[in-house]
Amino acid sequence: MVSQTRKRLLILLVIVVIIFLLIRYVFFTGSLEASINVAPAPQLVVPQEQHESHDVESYRRNVGAPVLVTVFYEALCPDSKHFITKQLVPAFKEASILMDTKLVPYGKASTMTNPDGTYRFDCQHGQVECDANTYHACTIEAIQDPQSRLDMIACMIRDNRLPKEALHKCAKQHNIDNVDLIQKCFDSSHGSELLKLNGDLTHALRPSITFIPTITLDGYQGKQALILKNLLAEICKIAGDNDKADEICHQHL
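Let me begin by describing the structure that accompanies this report.

The next thing to look at is the packing of helix 4 (residues 127-142) against helix 7 (residues 179-187). Two elements in contact, helix 4 and helix 7, have axes separated by 9 Å at closest approach and are oriented at 130°. Judged on the interaxial angle alone, helix 7 and helix 4 are oblique. Helix 7 is crossed by helix 4, and the crossing has right-handed handedness. Contact with helix 4, carried on its side by Asp131, Thr134, Tyr135, Cys138, Thr139 and Ala142, involves Leu181, Ile182, Gln183, Cys185 and Phe186 of helix 7 and no other residues of that element. The class makeup of the residues in the contact of helix 4 with helix 7 is seven nonpolar, three polar and one charged.

In structure tokens:
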């Protein structure tokens, strides 16, 4: 009798061991399968080419929308002055409906951070140009009307050797009544913050800037020599098919 009891206990123990091994097998096999399923996930990362394609997509305009003309320039740069006064202003007066303008005064400057967190700048044409760039940045922010803003910048860049005097002279000439706001911007840290942001935009440009001014149309640098020589003709090439573009551009293409 005792022998049979021991035999039953032995059989029961074997069964328990077998069940334990089965459970353990199932458990670890499931974990292994889970790890196998997770492993291929990195292959689903979007390739770099697709990321770049997506960035390009962000520059596309809606049909009939104006071309975004971004001008990276310096306040004391003769070539910047020539482009703004001889190309940008005339093109905008003739075809403002075809273009949005974004002005980025900074150029070949560099930005440094002081121990207290404020910024200082080293500009290609010295401290006067840093001051003039800051006045331009404050003016661009303060004047909302595109035509008035461009007229002010074109006026100031004609003679920026005395930036403060240029601001007041041009504001009087173009009936700008928020000069105090612009001056307050310049005198405060806000002016430096605006110039620093312009520097970030300038340094982020690809290909990197080698010549000032550099102009982008809808984010693309394209053929700079042609843009600098005949801005409106290059705008017309990409403006798209619409009645306004056809009316304005037929004589420039």
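What follows picks up the thread again.
So, on to helix 4. Counted at 1.5 Å a residue, the expected span for helix 4 with its 16 residues is 22 Å, and the 23 Å between its end C-alpha atoms agrees. Of all 16 residues that make up helix 4, twelve are buried, and the element is covered over most of its length. The complete set of buried residues in helix 4 reads Glu129, Cys130, Ala132, Asn133, Thr134, Tyr135, His136, Ala137, Cys138, Thr139, Ile140 and Ala142.

The next thing to look at is the pattern of salt bridges. In this structure the tally under the stated criterion is two salt bridges. The shortest N-O distance in the salt bridge between Lys196 and Asp200 comes to 2.9 Å. With Lys196 and Asp200 both in helix 8 (residues 189-204) and four residues apart, this pair spans about one turn of that helix. Between Lys237 and Glu234 there is a salt bridge, with its nearest N and O atoms 2.9 Å apart. Of this pair, Lys237 and Glu234 are both found in helix 10 (residues 231-238), three residues apart, which corresponds to roughly one turn of the helix.

The subject of this paragraph is the state of the cysteines. A covalent bond bridging the sulfur atoms of two cysteines is what the word disulfide describes. Considering all chains together, one arrives at four disulfides under this definition. Across a sulfur-sulfur distance of 2.0 Å, Cys138 and Cys185 are joined as a disulfide pair. Given an S-S torsion of about -70°, the disulfide between Cys138 and Cys185 has left-handed geometry. Separated by 47 residues along the polypeptide, Cys138 in helix 4 and Cys185 in helix 7 bring together distant segments of the chain.

Time to look at the sheet that holds strand 2 (residues 99-105). An order of 2-1-5 is seen for the three strands of this open sheet, with the pairing classed as mixed. Across the chains shown, the open sheet's two edge strands, defined by having one partner strand only, are strand 2 and strand 5 (214-217). Between one strand and the next, the sheet's axes are offset by a mean angle of 15°, whatever the strand orientation. Pairing geometry for strand 1 (residues 67-73) and strand 5, over four bridges, is antiparallel. Paired with Val69 across the bridge in strand 5 is Leu217. Against the sheet, helix 4 touches strand 1 and strand 2, its axis set at about 145° to strand 2. Contacts between helix 8 and the sheet are confined to strand 1 and strand 2, with strand 2 contributing the most and set at about 110° to the helix.

Conventions used here
- Residues numbered from 1 in each chain as written.
- Predicted model: local features only at pLDDT ≥ 70, side-chain atom pairs only at ≥ 80, totals over all residues.
- Heavy atoms only, no water.
- Axes fitted to C-alpha atoms, helices over the stretch in contact; angles between N-to-C directions.
- Helix = DSSP H or I, 4+ residues; strand = E, 2+ residues; numbered from the N terminus.
- Parallel < 35°, antiparallel > 145°, perpendicular 65-115°, else oblique.
- Left-handed = near helix turned anticlockwise from the far one by under 90°.
- Contact = heavy atoms within 4.5 Å.
- Nonpolar A, V, L, I, M, F, W, Y, C, P; charged D, E, K, R; others polar.
- Expected span 1.5 Å × (residues − 1).
- Buried < 20%, exposed > 50% of the residue type's maximum accessible area, 1.4 Å probe, protein only.
- Salt bridge = Lys/Arg side-chain N within 4 Å of Asp/Glu carboxyl O.
- Disulfide = S-S within 2.5 Å.
- Pairing = 2+ DSSP bridges.

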